[in-house]
Amino acid sequence: MCESTVFLEEGGKVREMMRDVTRIVMRDGDAVCTDIVGEQLVLENVVLMEANLLSHGIVFVRGT
């Protein structure tokens, strides 16, 4: 499987936000994450911190 888990780092803590993510589209500083069944989550005002393709983890952090 190629799905990933999206995390958000805030205040030095990392929280899992969504599992089984198949697509991420950046729109004006927001990350629109879509999972395998089509559900969407919008992370507002974020930038990509890390994309680990081996462990299928994608970490965003709030933008400035």
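Model, not experiment: these values are computed from the prediction. (Residues numbered from 1 in each chain as written. Predicted model: local features only at pLDDT ≥ 70, side-chain atom pairs only at ≥ 80, totals over all residues. Heavy atoms only, no water.)

**Student:** I'm lost on the overall build of the chain in this one. Help?
**Tutor:** When helices and strands are counted, the chain shows zero helices and six strands. Helices (α) and strands (β) of the chain occur, in sequence order from the N terminus, as β-β-β-β-β-β. Over its C-alpha atoms the chain spans a radius of gyration of 11 Å, differing by no more than 12% from the 11 Å that the globule rule assigns to 64 residues. Principal-axis analysis of the C-alpha atoms places the extent of the chain at approximately 35 × 25 × 15 Å. A burial count over the chain gives 28% of its 64 residues as buried. Of the contacts formed within the chain by residues at least 6 apart in sequence, a portion of 26% connects residues at least 24 apart. For the chain, the accessible surface area stands at approximately 4500 Å², while carbon and sulfur atoms represent 50% of it. (Helix = DSSP H or I, 4+ residues; strand = E, 2+ residues; numbered from the N terminus. Rg over C-alpha atoms; globule rule 2.2 N^0.38 Å. Buried < 20%, exposed > 50% of the residue type's maximum accessible area, 1.4 Å probe, protein only. Contact = heavy atoms within 4.5 Å. Areas by Shrake-Rupley, 256 points an atom, 1.4 Å probe, with all protein chains shown as cover.)

**Student:** Any chance you could explain unusual backbone geometry here in plain terms?
**Tutor:** Trans is the prevailing form of peptide bonds, just as negative phi is the prevailing case for residues other than glycine. One non-glycine residue with positive phi stands out, namely Asp 20, at about 55 degrees. Examined against the element boundaries, Asp 20 turns out to sit in strand β2 (residues 13-27). The class of Asp 20 is partly exposed, set by a relative accessible area of 40%. Within the chain, His 56 stands out as a residue other than glycine whose phi angle is a positive 60 degrees. Among the structural elements, His 56 can be located in the loop between β5 (46-52) and β6 (57-62). Judged by its relative accessible area of 30%, His 56 falls in the partly exposed class.

Keep in mind these values describe shape, not function.
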